[in-house]
Amino acid sequence: MGHAPFVHLNVHTEYSIVDSTIRIPQLIKRIKDMGMAAVAITDVNNLFATVKFFNAAKKAGIKPIVGADILIQNEDNPEHTWELTLLCQNEKGYQNLSVLLSLAQNHVIGRGSTCITEDMLKQYNEGLIVLADTVHSDVGYWIQSQKLEQAADALLAWRSVFGDRYYMAVAHLDRPNEQQINAAAMYMAAHQNIPMVASGRVRFLDDDDFNAHEARICINRGDVLADPNRAKDFTPKQYLHGADAMQASFQSFPELIENSYEIAKRCNIDFNFKDYFLPNFPVPDGLTMDQYFAQLCDQLLTQHLAEFGVAEGYTEANYFERLHHEVKVILGMGFPGYFLIVSDFIRWSKDNDIPVGPGRGSGAGSLVAYVLKITNLDPLKYELL
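Residues numbered from 1 in each chain as written. Predicted model: local features only at pLDDT ≥ 70, side-chain atom pairs only at ≥ 80, totals over all residues. Heavy atoms only, no water.

A short note on the sheet that holds strand β8 (residues 166–171)
Logical step 1: With mixed pairing, the seven strands of this open sheet are ordered in space as β1-β2-β3-β4-β7-β8-β9. Where the open sheet ends on each side, the last strands, each with one partner, are β1 (8–11) and β9 (196–199). Neighbour-to-neighbour, the strand axes of this sheet turn through a mean angle of 30°, independent of strand direction.
Logical step 2: Alignment of β1 against strand β2 (residues 38–44), held across two bridges, turns out to be parallel. Its bridge partner lying in β2, H8 is registered against V39.
Logical step 3: Here helix α3 (residues 91–105) sits on the sheet and contacts β3 (63–73), β4 (81–88) and β7 (128–133); the angle it forms with β3, its principal contact strand, is near 35°.
Logical step 4: Of the strands in this sheet, β1, β2, β3, β4, β7, β8 and β9 are in contact with helix α10 (residues 254–266), which crosses β9 at around 95°. (Pairing = 2+ DSSP bridges. Helix = DSSP H or I, 4+ residues; strand = E, 2+ residues; numbered from the N terminus. Axes fitted to C-alpha atoms, helices over the stretch in contact; angles between N-to-C directions. Contact = heavy atoms within 4.5 Å.)

Details of a nonpolar patch on the surface
Logical step 1: Taken together, the side chains of Y276, L278 and Y338 present a nonpolar region at the surface, about 360 Å² in accessible area.
Logical step 2: L278 sits in the partly exposed class, given a relative accessible area of 38%. (Patch = residues over 30% accessible without salt bridge, like charges linked within 9 Å, V, L, I, M, F, W, Y side chains within 5 Å. Areas by Shrake-Rupley, 256 points an atom, 1.4 Å probe, with all protein chains shown as cover. Salt bridge = Lys/Arg side-chain N within 4 Å of Asp/Glu carboxyl O. Buried < 20%, exposed > 50% of the residue type's maximum accessible area, 1.4 Å probe, protein only.)

Details of the environment of K265
Logical step 1: Considering the arrangement of structural elements, one finds K265 in helix α10.
Logical step 2: Using a relative accessible area of 47% as the deciding quantity, one classes K265 as partly exposed.
Logical step 3: Along the sequence, K265 and Q89 sit 176 residues apart, while their C-alpha atoms lie 9.1 Å from each other.

Quick look at the side chain of H304
Logical step 1: Assignment of secondary structure puts H304 in helix α11 (residues 289–308).
Logical step 2: H304 sits in the buried class, given a relative accessible area of 11%.
Logical step 3: In contact with H304, not counting residues within four places along its chain, are G309 and Y370.

Side note on the packing of aromatic side chains
For any pair of aromatic rings, the description consists of the separation of the ring centres together with the inter-plane angle of the planes.
Logical step 1: Evaluation of the coordinates by the stated rule reveals nine aromatic pairs.
Logical step 2: Each ring, one from F54 and one from F271, has its centre 4.8 Å from the other, and the planes form 80°; the classification is edge-to-face. Linking F54 in helix α2 (residues 50–59) with F271 in the loop between α10 and α11, this pair joins segments that are 217 residues apart in sequence.
Logical step 3: For F54, a relative accessible area of 3% corresponds to the buried category.
Logical step 4: Taken together, the aromatic side chains of F54, Y94, F271 and F273 make up a single cluster linked through ring pairs.
Logical step 5: Over the aromatic face of W158 sits the side chain of K122, whose NZ or CZ is 5.9 Å from the ring centroid. (Phe/Tyr/Trp six-rings, centres within 6.5 Å; stacked < 30°, edge-to-face > 60°. Lys NZ or Arg CZ within 6 Å of the ring centre and 35° of its normal.)

Some remarks on the confidence of the model for the protein chain
Caution is warranted with low-pLDDT regions, since their predicted coordinates should not be read in detail.
Logical step 1: Overall, the prediction assigns the protein chain a mean pLDDT of 91, with 99% of residues at 70 or greater.
Logical step 2: Highest mean pLDDT in the protein chain belongs to β7 (98); lowest belongs to helix α8 (residues 210–221) (78). (pLDDT = per-residue confidence, 0-100.)

Thoughts on the layout of surface pockets
Left-over empty space is what a probe sized like a water molecule reveals as it rolls over the atoms.
Logical step 1: Of the voids in this model, the largest pocket is the one considered here, and its volume is about 1,100 Å³.
Logical step 2: Surrounding the largest pocket, 34 residues form its lining, V18, L71, T81, S113 and R221 being those nearest its centre.
Logical step 3: Put simply, the parts of the chain that give the lining of the largest pocket at least two residues each are β4, β6 (113–114) and α8.
Logical step 4: In this structure, the second largest pocket spans a volume of roughly 410 Å³.
Logical step 5: Contributing to the lining of the second largest pocket are 20 residues, with R360, G363, A369, I374 and T375 lying nearest its centre.
Logical step 6: Mapped by element, the contributors of at least two residues to the lining of the second largest pocket are α12 (316–333) and α13 (336–351).
Logical step 7: Grouping the amino acids of the lining of the second largest pocket by side-chain chemistry returns nine nonpolar, eight polar and three charged. (1 Å grid on protein atoms, 1.4 Å probe; cavity = no way out; pocket = protein on both sides within 12 Å on 5 of 7 lines; lining within 4 Å. Points joined across faces, edges and corners; volume = space filled by probe spheres on them. Nonpolar A, V, L, I, M, F, W, Y, C, P; charged D, E, K, R; others polar.)

So this is what it looks like as structure tokens:
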């Protein structure tokens, strides 16, 4: 049995704090049961679910596609935002998306909307594929404002940045005026030779989850379910459709279904969970990190013994012997940077009147941690391992 040639490229999970009830294990199980080869999660303004999702998908033999829905400030109306979906093609794309999301956390407008600017996206566009929803993107915004020239300009401006990585995403969700908006956006995209893709904008797993999902939205917004005037931004159709249902929904435009599969093929990202990536700790010129670490520990122990002397029943030689044994183990494991970094922020905290505990766990018995002032216990005096 071949894989169904449709891939969901816009799925929110419970990590989209605002608008989804989907949990990752259930999502992966459902995608597998439906015979789909891949799935993308695109939570709002965050990548919090990435590792959990990536591992669960890999384990199930499903290709994980990592992305996010990101809000972008409308330059003509700075209190207003619109949305684009960004998918990572490769590691560079993942790094750029991480940068963009970090920038968004510091760029807050209106009633606490986290967003980026167009310029930020242009600067960090490499390795990212864009899906512009017909309703929620800038193109959709201009179409709905009946400013079709501006909509066409926006399409061309994004294509000049992203080239063949820019797609118009079309969804059939029974949203207000959706058919007219879709028709205009598709006409424009076809006219400018911009590829389009079918989208499900999935926010809950099953069709009968809609009411639970609406309750979640109301909790987030402080609304009341029964209020007839509350904004209704979601429809009962935003559940995880199978490939057959999507194909039936887009039977007049089969290439939009095919493009979802093509985009999935273009997104190839892997993570290295085996190696540790520590921040670079600056060491003096002419010394390697290992040399600096060993020298610093010796120097600090000498200072400590000059100031406090040895614990009863021990000699200075006992201290140095223990220190050199620990240093050898730490260097062998490749962890000197870790000790230097921790020492740095603990010392800074102590110097700035920020309370720090005496040390706990397996590290509390370390003489290295003691001379680096990470812990506050002489391990020889208290006979710690």
